[in-house]
Amino acid sequence: MNSVTTRAENVARPVKLAAKPNWRRKLKKSYFAYLLMLPSIVLTLIFSYLPMPGILVAFQDHNIFAGLWNSPWVGFKHIREVFEVPMLRQAILNTLLLSVLMIIVSFPAPILLALLMNELKNGLFKRSVQTLSYMPHFLSWIAVVGLTYSLLDVDGPINDLKLLLLGADAERSMFLSHQALFVPMLLILSVWKEVGWGTIVFLAAITSIDPSLYEAAKIDGANRFQQHRHITFPGMKTTAVIMLIFTLGALFGSNFELVYGMQNAFIDFPVISTVVFSSGIQQGNYSTAAAVGFVEGLVAFTLMISANFIAKKVSRISIF
Amino acid sequence: MVRNQTFGTKAAEALLIAALALISFSSLFPIIHNLAISFSSPAKAMAGFVTVFPKEFNLESYKKLFEDSVFFQSFWISVKRVGITCFISFFISLLMAYPLSRSRREFKLRDVYMWLLIFSMMFNGGLIPFYLIIRQMGLMNSFWVLVLPMLVNVFNVILIVNYFRSIPKELDESAAMDGAGPWYKAFRIYMPLSMPVLATTTLFLIVTVWNEFMLGMMFINHEDSIPLQTYMQQIVVRIDPTLIKSIEDVKRLASVSDKTLGAAKIFASMLPIMLVYPFLQRFFISGIMLGSVKE
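Per an unreviewed UniProt entry, chain B goes by the name Carbohydrate ABC transporter permease and belongs to Paenibacillus montanisoli. According to the UniProt record, the Sequence similarities (unreviewed entry) comment for chain B is "Belongs to the binding-protein-dependent transport system permease family." The annotation that UniProt attaches to chain B under Subcellular location (unreviewed entry) is "Cell membrane".

Where an unreviewed UniProt entry is consulted, chain A appears under the name Sugar ABC transporter permease, with the organism given as Paenibacillus montanisoli. According to the UniProt record, the Subcellular location (unreviewed entry) comment for chain A reads "Cell membrane". Here is the UniProt Sequence similarities (unreviewed entry) comment for chain A, exactly as written: "Belongs to the binding-protein-dependent transport system permease family."

Asker: I'd like a rundown of the domain arrangement of chain B, residues and numbers included.
Answerer: Residues and elements named next belong to chain B. Taken as a whole, chain B is organised into domain 1 (29-58) and domain 2 (66-292). Listed per partner, the contact involves ten residues of domain 1 and ten residues of domain 2. Considering only the surface of domain 1 that becomes buried against domain 2, Ile 31, Asn 34 and Met 46 emerge as the three largest contributors, covering 49% of it. For the interface between domain 1 and domain 2, the tally reads zero salt bridges. Scanning the region where domain 1 abuts domain 2 turns up one residue pair in polar contact (both at pLDDT 80 or more). Counting only elements with at least two residues in the side of domain 1 that touches domain 2, the list comes to helix H1 (7-38) and helix H2 (42-47). When residues of the side of domain 1 that touches domain 2 are assigned to their parent elements, the largest contribution, five residues, is made by H1. A breakdown of the residues in the side of domain 1 that touches domain 2 according to their chemical character gives six nonpolar, four polar and no charged.

Asker: Describe the packing of helix H6 (residues 124-134) of chain A against helix H9 (residues 179-207) of chain A, with residues and values.
Answerer: Residue and element names in this part refer to chain A. The geometry of H6 relative to H9 is characterised by a closest axis approach of 7 Å and an angle of 125° between their N-to-C directions. As judged from the angle between their axes, H6 and H9 are oblique. Counted together, Gln 130, Ser 133 and Tyr 134 of H6 and Gly 196, Trp 197, Thr 199, Ile 200 and Leu 203 of H9 form the full contact between these two elements. Class assignment of the residues belonging to the contact of H6 with H9 gives a composition of four nonpolar, four polar and no charged.

Asker: Residue-level account of the nonpolar core, with values.
Answerer: Core analysis: the biggest nonpolar cluster contains 168 residues, and Phe 138 and Met 262 of chain A together with Leu 100 and Phe 284 of chain B have the highest contact counts within it. With 14 residues, the top contributor of residues to this core is H9 of chain A. Judged by nonpolar contacts, the second largest core, of five residues, contains Ile 37, Ala 45, Val 50 and Ala 263 of chain B.

Asker: Account for the UniProt feature "transmembrane region" (unreviewed entry) in chain B, with residues named and values stated.
Answerer: Under the feature "transmembrane region" (unreviewed entry), the UniProt entry names residues 71-100, 112-131, 143-164, 189-210 and 261-280 of chain B. Helix makes up 95% of residues 189-210 of chain B and strand makes up 0%, while its end C-alpha atoms are separated by 31 Å.

Asker: Lay out the packing of helix H11 (residues 224-251) of chain A against helix H14 (residues 286-315) of chain A with the relevant residues and their values.
Answerer: Residue and element names in this part refer to chain A. Two elements in contact, H11 and H14, have axes separated by 7 Å at closest approach and are oriented at 160°. Between H11 and H14, the angle is such that the two are roughly antiparallel. For H11 against H14, the interelement crossing comes out right-handed. Contacts between H11 and H14 involve Lys 237, Val 241, Ile 245, Leu 248 and Gly 249 on the former and, on the latter, Ala 300, Leu 303, Met 304, Ala 307, Asn 308, Ala 311 and Ser 315. Residue classes in the contact of H11 with H14 are distributed as eight nonpolar, three polar and one charged.

Asker: Please give an account of the packing of aromatic side chains that cites residues and values.
Answerer: Within this structure, the stated rule accounts for 32 aromatic pairs over all chains. When the ring of Phe 59 of chain A is compared with that of Phe 76 of chain A, the centres are 5.5 Å apart and the planes differ by 80°; the resulting orientation is edge-to-face. Taken together, the residues span a long stretch of sequence, with Phe 59 of chain A in the loop between helix H2 (23-49) and helix H3 (77-84) and Phe 76 of chain A in the loop between H2 and H3 at a distance of 17 residues. Ring centres of Phe 75 of chain B and Trp 210 of chain B lie 5.4 Å apart, and the angle between their planes is 75°; on these two criteria the pair is classed as edge-to-face. Taken together, the residues Phe 75 of chain B in helix H4 (residues 69-101) and Trp 210 of chain B in helix H10 (residues 195-211) connect sequence positions 135 residues apart. Of the aromatic side chains, those joined through ring pairs into one cluster are Phe 66, Phe 71, Phe 72, Phe 75, Trp 210 and Tyr 231 of chain B. The positively charged end of Lys 193 of chain A is found above the aromatic ring belonging to Trp 141 of chain A, 4.8 Å away from the centroid.

Asker: Residue-level account of empty space enclosed by the protein, with values.
Answerer: Over the atoms rolls a probe the size of a water molecule, and in doing so it shows where empty space is left. All names here are of chain B. As enumerated under the stated definition, the model contains three cavities of 30 Å³ or more in all. Here the largest cavity is characterised by a volume of approximately 70 Å³. Cys 86, Ser 89, Phe 90, Ser 93, Asn 156, Ile 160, Leu 198, Thr 201, Thr 202 and Leu 205 together form the lining of the largest cavity. For the lining of the largest cavity, the secondary structure elements donating two or more residues are H4, helix H7 (154-166) and H10. The space that makes up the second largest cavity amounts to roughly 40 Å³. In this structure, the second largest cavity is lined by Leu 94, Leu 95, Tyr 98, Phe 164, Ala 186 and Phe 187. Per-element accounting of the lining of the second largest cavity gives the leading share, three residues, to H4.

Asker: Summarise the confidence of the model for chain B; cite the residues concerned and give the values.
Answerer: Low pLDDT means the predicted atomic positions in that stretch should not be read closely. All names here are of chain B. Taken residue by residue, chain B gives an average pLDDT of 84. The fraction at 70 or more is 87%. Of all secondary-structure elements in chain B, the lowest mean pLDDT belongs to helix H13 (residues 247-256), at 57, while H4 reaches the highest, 93. Ignoring residues within four places in sequence, the model shows residues 291-295, a span with pLDDT below 50, making six contacts including any to other chains. With a pTM of 0.85, the predicted complex shows an ipTM of 0.85.

Asker: Explain the domain arrangement of chain A to me, and be specific about the residues and the numbers.
Answerer: One can read the domain layout of chain A as domain 1 (18-50) and domain 2 (57-315). Centre-to-centre separation of domain 1 of chain A and domain 2 of chain A, based on C-alpha positions: 39 Å.

Asker: Tell me about unusual backbone geometry, and please be specific about residues and values.
Answerer: Most peptide bonds adopt trans geometry, and most residues besides glycine take a negative phi value. Even without being a glycine, Glu 56 of chain B presents a positive backbone phi close to 50°. Mapped onto the fold, Glu 56 of chain B is located in the loop between H2 and helix H3 (60-67).

Asker: Could you give an account of the side chain of Ser 74 of chain B, with specific residues and numbers?
Answerer: Residues and elements named next belong to chain B. Mapped onto the elements of the fold, Ser 74 is located in helix H4. Taking the relative accessible area as the measure of exposure, Ser 74 reaches 1% and is therefore buried. Beyond its immediate sequence surroundings of up to four residues, Ser 74 is in contact with Ile 226, Pro 227, Leu 228 and Tyr 231.

Asker: I'd like to hear about the UniProt feature "transmembrane region" (unreviewed entry) in chain A, residue by residue, with values.
Answerer: Residues and elements named next belong to chain A. Look at the UniProt record and you will see "transmembrane region" (unreviewed entry) annotated at residues 31-50, 91-114, 134-152, 198-217, 238-256 and 289-311. The span residues 134-152 is 63% helix and 0% strand, and its two end C-alpha atoms sit 23 Å from each other. Secondary structure content for residues 289-311 is 100% helix and 0% strand, while the C-alpha to C-alpha distance between its ends is 33 Å.

What counts, and where the lines are drawn
Residues numbered from 1 in each chain as written. Chains lettered and ligands numbered in written order. Predicted model: local features only at pLDDT ≥ 70, side-chain atom pairs only at ≥ 80, totals over all residues. Heavy atoms only, no water. UniProt positions renumbered as here; feature names shortened; annotations may be inferred. Domains from an automatic or database assignment. Contact = heavy atoms within 4.5 Å. Buried area = accessible area lost by both parts, 1.4 Å probe. Salt bridge = Lys/Arg side-chain N within 4 Å of Asp/Glu carboxyl O. Polar contact = N/O pair within 3.5 Å; in protein donor to acceptor, adjacent residues only side chain to side chain. Helix = DSSP H or I, 4+ residues; strand = E, 2+ residues; numbered from the N terminus. Nonpolar A, V, L, I, M, F, W, Y, C, P; charged D, E, K, R; others polar. Axes fitted to C-alpha atoms, helices over the stretch in contact; angles between N-to-C directions. Parallel < 35°, antiparallel > 145°, perpendicular 65-115°, else oblique. Core = buried A, V, L, I, M, F, W, Y, C linked by side-chain atoms within 4.5 Å. Buried < 20%, exposed > 50% of the residue type's maximum accessible area, 1.4 Å probe, protein only. Left-handed = near helix turned anticlockwise from the far one by under 90°. Phe/Tyr/Trp six-rings, centres within 6.5 Å; stacked < 30°, edge-to-face > 60°. Lys NZ or Arg CZ within 6 Å of the ring centre and 35° of its normal. 1 Å grid on protein atoms, 1.4 Å probe; cavity = no way out; pocket = protein on both sides within 12 Å on 5 of 7 lines; lining within 4 Å. Points joined across faces, edges and corners; volume = space filled by probe spheres on them. pLDDT = per-residue confidence, 0-100.

Set out below in structure tokens:
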């Protein structure tokens, strides 16, 4: 975003005609800028940058009373633990599994829905579909979990539907306590909440495609499918790749609310974010939790950089 | 065009409309179902007779809700939190965005500060370091722990910066000609012209802050000072693993808890968002696009 403007200004620089401002005017100008930015900069430094050295907690046996600089350093002990303690290893594997499934299911879903929506003529129906499908995005995960609980109740509508389809003598299930149904449920919920919202950028990408391309294709005898294959998909490619890189970067650390909200006594599915919360914040094992968080950050960073690198090589699209 | 309307395309169109109607319905159904339960009698709701329409319509659950002081206490804390956060954030985002929207000639270190913000959005120390810093600062159990970390929303600042940059330079120049200083330009020219983007960012922030529950869950231990979503998290995710030994326990716990009251609480917690949504919808498409437009 910055590089584009920067280049334009570099070109413009030689024709600068304005008188050189004297040092007082210069100071006054920057004084103004710094004064305005002061509150935001201070808050960013405190809440985003000040915690960063705290990641060193992962390399010591952190004692909350001794503080960061006086706790004993233990090197990679806790990082090793992440890969040796079965529960932590399980959490990493689960996070990987969930992330891969999320990419496979949640990423293409909005693209498909956007293609379907695009087939509709502009009008009341299209607007209603959009309005309704965007809405779940704005509900909190807690509310979504609450709604799900009552839908999946033993006497709830989903069980009614099951009985309707399988006959009245079918057994009502307790969906929420089935380990095997847990991951599919997470996927369905995340698609339900975000699919409509995700279509916005893709619909915008489709709208920006030059309509004359479709007319030309029609004249050449391309059918609906071929038009999408050769015009719509290439037209959406940039947006899709950029969204994919962002998704990959954010994916690994996310899903806390969802997994935390849906888990219960019968579900054994720790993911990194829930382990960091339960062992770190609730039980006070700061060092172990920080080590898990550190590994997570590293993986997320690697994922994002490599996705960016591959995208740059393959399609010349990248975010940096 | 008449020849185009073959049976095949008509059937495809009908299928398309049916599919999209189904998707829309599934977006709405859980909310309607919840609303119907909240208006039904507890007995019918427990027995699972309620689907779309309330059975034995009554307002009992809402009466109980109004008597629930803990619920209203946390509701009020959330309202206060959203109000204060959005008010302060409105001004400091605006103030941050103005210098960042200047040209590099006017503000040499612009890009340095831009990257300071963007970097903080992409990388962070993680949950534990954040938790330890908040503890060290003595913000545990303080109302401000719910507000301060949410004030600088980098995404919103970037939206405002991009909008400022799209305002014609000529306007800026002619104001300067007429003797307008930086303060005058920022507050009398840029701010009034940017109301659409400021409305967008404020509405987004209202939703984000209202729905946020982690800060309350991590840093506030007193039941009477948690925000609404944290309270909801406590009653929704109510199944305490230590109490449950068998499936029967789950059934027993579920039957004691009042389903209609729970539904009424869920609905009340979503209500502010649903009230904001129509306004939000007018803005968010253009809002998102504002952020992605390159100059």
